[in-house]
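Close look at the chain arrangement
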Amino acid sequence: MSTRGGEQTRRSFLAAAGALSLSALISGCRRAPGAETDEAEELPEVRLPPPPVRGAGRHAGARLVFYAESVGIGAAIDRALAQRFARDTGAAVEVVLRPRDATETYASYLRLFQARSAAVDVLSLDIVWPGIFAPHLLDLGEALGGLAATHLEAAIRNDTVQGRLVAMPYFTDFGMLYYRTDLLQKYGFGAPPTTWDELERMAKTIQSGERARSRAFAGFVWQGKAYEGLTCNALEWIHSYGGGAILEGREPTINNPRAAQALARFHRFVGTISPIGVTGYEEEDARNVFQGGNAAFMRNWPYAYAAGNTKGSRIEGLFDVAPLPHEPGFESSATLGGWTLGISKYSRFPDAATAFVGYLCSPEVQRFRALVGGYIPTIPAVQSDPDVARVLPFLERVRGATLVARPSNQAGARYNEVSIAFYQGVSKALYGTDPEKALEQIDRRIRRSLR
Amino acid sequence: MSTTASGAEKQGEVTGIRARRRARVAWAFLSPALVVTAFVALYPLCDTLYLSLTNTRLGSEEPPRFVGLSNYAELVHDGFFLDALLLTVFFAVITVMLELALGLGIALLLDARFKGRSAVRAAMLVPWAIPTAVSTQMWKWMYNDVYGVFNDVLVNRLGLVSEPIAFTADPRTSLAAAVLVDVWKTTPFVALLLLAGLQLIPRELYEAARVDGATRLQAFTQITLPLLRPALLVALVFRTLDALRVFDVFYVMFGSRPDMQTLATYAHEILVSISDVGYGSAVSTAIFLVIAVFIVIYVALFRRREA
C-alpha cells in the first residue's frame, strides 16, 4: 500500500506539472505503448507466483489490450497476472500502462470511447466511472453474475447501472479513523471515539495538552481541499448524521437539516480542533501531519496504515484505526473507494476479455493481490482469510462501518458535475457560508445538471 | 525637355514594376508563415468559436446540435463565471502594476555600471526559468501552516504572531499569496525588457540635461519615461495577456476552491472535468474577448499620447 501513497504524491505533482501546458491532455495517448518498456525495469518484485487460471477455457488467437495500473507493485502485479492468463489460455495480453493521473486516464478513455475504438479491451476504472462510461461497457451480468454475488454488495450495487453489471470490483478502499493509541492513553481515554461529540472532546483535550510541546499540533486532520476527496469526506459526515447520500435515484436529497448540522460541525472544527489549513489538505497533507506525530486523529484511506508503520515513521506502533464516528442513533459511514474492471463494448474479443476479468476478480487473485500488494479484497470471504487478515489487520477493526457509495451510478455521465457542485458547496460552508444556504445552492446546481 | 519627362515616366514605371515584383516575392516568403499561423492559431480559434455555438459534450450519446448564442446567454447569468472574471481582472491589475513598478526599479538599478552586473542579470532570470507549476508547489510548501518556513520564522523565530497563518487556505491571505508568487516569478522578465529599453536611450541626452541644469527627477520624467514608452507598452501587453490567462498558480495552489477560480481554471473545469465542450468553448471565447478589450484600450491609450 505504501506504493499507492507514493503514487499519490507523484500524481499530484505530475498533475501540477501537466497543468503547465496542454501536454497533460496529449500524454494520455502518447505514453501508451512506449511507456511499457522504459519503466519495466524499475518495477518491484512480485513475491508469490500468481494463481493458475481455472475454468476459463482456451482463447488462442484472442489479442487483449489491458489498461492497467502504471506504477509500483500494482503495475508489477497486473503484469504478472496478464502473463499467467496468457500462458494458461493461449490469449495474448498486452499490458498498457494507463496515465498515472486519474484525470488524464479519464480523458483518454473519453477519447477512446468517443472514437468507438477497439484499441482497448479491458480497462481499470475508478469506482466512480462505471456510471459515466456505462453506455460503452459490456454487460457482464450473464457471464460473471455468479462471481459478483460473492463480492461486497455495496461494490456490486455501484457497478450495476440501470440493471446492467458494467464492471467488476478489483479492490476496495474506504475512509477510516486513525488515532494515536499513546496519546489517548496519556490523556486517560480508554477507547477511540464512536460519536463526533466524543471525538471533538478528546481532540480538544489532547490538542491543548500537546500544544505546550508543539504549537503546530492538531487534534483532527482530514481532507478539506475543494476536490474529489472532499466529496468522499463530506459524504461520510453527512451520512453519519442521517443526512442521506446526496442523491436518491436521480433526485437530490442533500438539502436537509441533518446535512446542515454535519456541515456546521465541520465548519466549527476548522480553526479549533483542526488547523485552518485543513481546508487546503489532500490525503498526503493529512498523512504528513499525522505521520509526523503532529495530530491525534486523522481521516484517511487504508494506504496510510502501512505507510505509518514503515521503519523510521515517527508513529510506528503508536496508532490504530477504528470506524469513523457518527451521531448517536446513526451509523458509522465509510465512503467507498477503489478501482473496478470493465470491458469495452467495442472489443473484438469479448469472450476472452470476460474470462480475463473473471480471473482478475476471482477469490484466488484477490487473495494473491492482498498478500503481495496489500490491496483490499472486495470478497468478504477473502477478507476473513487468516493470511489476508494478518497482512491487513485493520480490516477486522473497521468492519462495523457502513460502506457508502458516491452517487456516480445514479448521476451517470453527469457525476463529475454533481461532485463538483457538492464539494464546492461544502468548501464554501467550511469557509463560513451558512450551511443551509450552501446546501440550497448545491441542490440547485445538481438539479440543473441532472434535468 | 520632353525626352527627360518621358525618361522620368519610364523610370517611374520601372520602379512600379520592381515594387510589385518585390511585393510578390515578399508574399511568397511570407506564405509559409501565414499558412502555419492559420493552422495553429486561426483554425483552433474558429473551431472554438463554432463549438461555443453548439451543445457538444464529450462521451455523450446524442450528436451535437447547433444552439446559437444560448451558451453565451447562460454565461452572463453564471455567478461562477462572473466571480472568476472579477477575480482574474483584479489579479491582473494588481500583479501587472506591481511587476511594472518593481521591474522598472530593478531595471534602473541594473542600468548603472557596477562590478558583477552580468552575473546579477543572469541570476535574476532564475525564477523566470522555473516552470510555474513547480515553483508554485514550492511556494505552497513554504506557505504551509504546519511545516512551512514562513510560519516557522513568524511564529518560532521572530514570535510576531502567536498562531501559524494558513496563507493559502485563509480567504484573507489567499489572493495575496498567489499575487506574491506571480510577482516573484515575472518581475525579472519585466525588468529585463525595460532594461533593454533603457539601454537604447542615448547617454548624450542625460549629459545635455545635466548641462541645462535639469534635476535627476526631471531627467527621469522628461527623458527616461517618454523614451521608455515602447518598451513599457510591450511589457504591459505581455504581462496583462499572461495575467488574464493565469492558470497554473491558481490550479496548483487552490484546486477547485470556488472562491479562487480564474477564467482559465473555470474553463478547464468545464472543458476537462465536466467535458462540456460547448459551454467550455464559450468560456474560452470570453477569455479571448476580455483580453482583446484590454489590448484595444492599451493601444488606443498609447497612440493618443504619441500623437
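Since this is a predicted model, take the numbers as computed values, not measurements.

1. A look at the packing of helix H8 (residues 174-199) of chain B against helix H10 (residues 216-244) of chain B
Residues and elements named next belong to chain B.
- Between H8 and H10, whose axes approach to 8 Å, the crossing angle comes to 160°. When the axes of H8 and H10 are compared, the pair comes out roughly antiparallel. By crossing handedness, the relation of H8 to H10 is classed as right-handed. Taken together, the residues of H10 that come into contact with H8 (itself represented by Thr186, Val190, Leu193, Leu194, Ala196, Gly197 and Leu198) are Leu228, Pro230, Ala231, Leu232, Val234, Ala235 and Arg239.
- In terms of residue class, the contact of H8 with H10 is built from eleven nonpolar, two polar and one charged.

2. Thoughts on the interface of chain B and chain A
- Listed by partner, the interface residues are 32 residues for chain B and 31 residues for chain A.
- In terms of residues, the side of chain B that touches chain A owes the most to one element, helix H6 (residues 132-143) of chain B, which gives four residues.
- A class-by-class count of the residues in the side of chain B that touches chain A yields 16 nonpolar, ten polar and six charged.

3. Here we look at unusual backbone geometry
- Phi at A:Ile246 takes a positive value of approximately 75°, unusual for a residue other than glycine.
- Taking the C-beta count within 10 Å as the criterion, A:Ile246 has 26 such neighbours and is therefore assigned buried.
- A positive phi is found at B:Ser275, a non-glycine position, where the angle reads about 55°.
- For B:Ser275, the location among the structural elements is in the loop between helix H12 (263-273) and helix H13 (277-306).
- Overall, the presence of 21 C-beta atoms within 10 Å leaves B:Ser275 in the buried class.

4. Points about the confidence of the model for chain B
- For chain B, the mean per-residue pLDDT works out to 88, and 95% of the residues sit at or above 70.
- The ipTM assigned to the predicted complex is 0.74, against a pTM of 0.82.

5. Brief notes about the pairing of strand E3 (residues 122-126) of chain A
Residue and element names in this part refer to chain A.
- Here E3 lies mainly inside the structure; four of its five residues are buried.
- Two strands pair when backbone bridges link them, and strand E1 (residues 63-68) and E3 are joined in this way by two bridges, in the parallel orientation. Bridge assignment links Phe66 to a residue of E3, and that residue is Val122.
- Pairing between E3 and strand E13 (residues 333-343): five bridges, direction antiparallel. Across the sheet, residue Leu125 finds its bridge partner in E13, namely Thr340.

6. A closer look at the sheet that holds strand E12 (residues 319-322) of chain A
All names here are of chain A.
- Overall, mixed pairing links the four strands, which are arranged E8-E11-E7-E12 in an open sheet. Edge positions in the sheet fall to strand E8 (218-221) and E12, since each of these pairs with one other strand and no more. Across the sheet, the mean angle from the axis of one strand to that of its neighbour is 15°, orientation sign disregarded.
- Pairing between E8 and strand E11 (residues 295-300): three bridges, direction parallel. Among the inter-strand pairings, Ala218 is bridged to a residue of E11, identified as Ala295.

7. Details of helix H4 (residues 72-89) of chain A
Residue and element names in this part refer to chain A.
- With 18 residues, H4 ought to run about 26 Å at 1.5 Å a step, and its terminal C-alpha atoms sit 26 Å apart, in line with that.
- Every buried residue of H4 is listed here: Gly72, Ile73, Gly74, Ala75, Ala76, Ile77, Asp78, Arg79, Leu81, Ala82, Phe85 and Thr89.
- Of the residues flanking the end of H4, it is Gly90, one or two places downstream, whose phi is positive at about 85°.

8. Focus on the environment of A:Pro193
Residues and elements named next belong to chain A.
- Tracing the chain through its elements places Pro193 in the loop between helix H9 (181-186) and helix H10 (196-210).
- For the pair Pro193 and Ala322, spaced 129 residues apart in sequence, the C-alpha to C-alpha distance is 8.4 Å.
- Setting aside its immediate chain neighbours within four residues, Pro193 contacts Glu198, Leu199, Met202 and Pro325.

Criteria and cut-off values
Residues numbered from 1 in each chain as written. Chains lettered and ligands numbered in written order. Predicted model: local features only at pLDDT ≥ 70, side-chain atom pairs only at ≥ 80, totals over all residues. Axes fitted to C-alpha atoms, helices over the stretch in contact; angles between N-to-C directions. Helix = DSSP H or I, 4+ residues; strand = E, 2+ residues; numbered from the N terminus. Parallel < 35°, antiparallel > 145°, perpendicular 65-115°, else oblique. Left-handed = near helix turned anticlockwise from the far one by under 90°. Contact = placed C-beta atoms within 7 Å. Nonpolar A, V, L, I, M, F, W, Y, C, P; charged D, E, K, R; others polar. Buried ≥ 20, exposed ≤ 12 C-beta atoms within 10 Å, placed from the backbone. pLDDT = per-residue confidence, 0-100. Pairing = 2+ DSSP bridges. Expected span 1.5 Å × (residues − 1).

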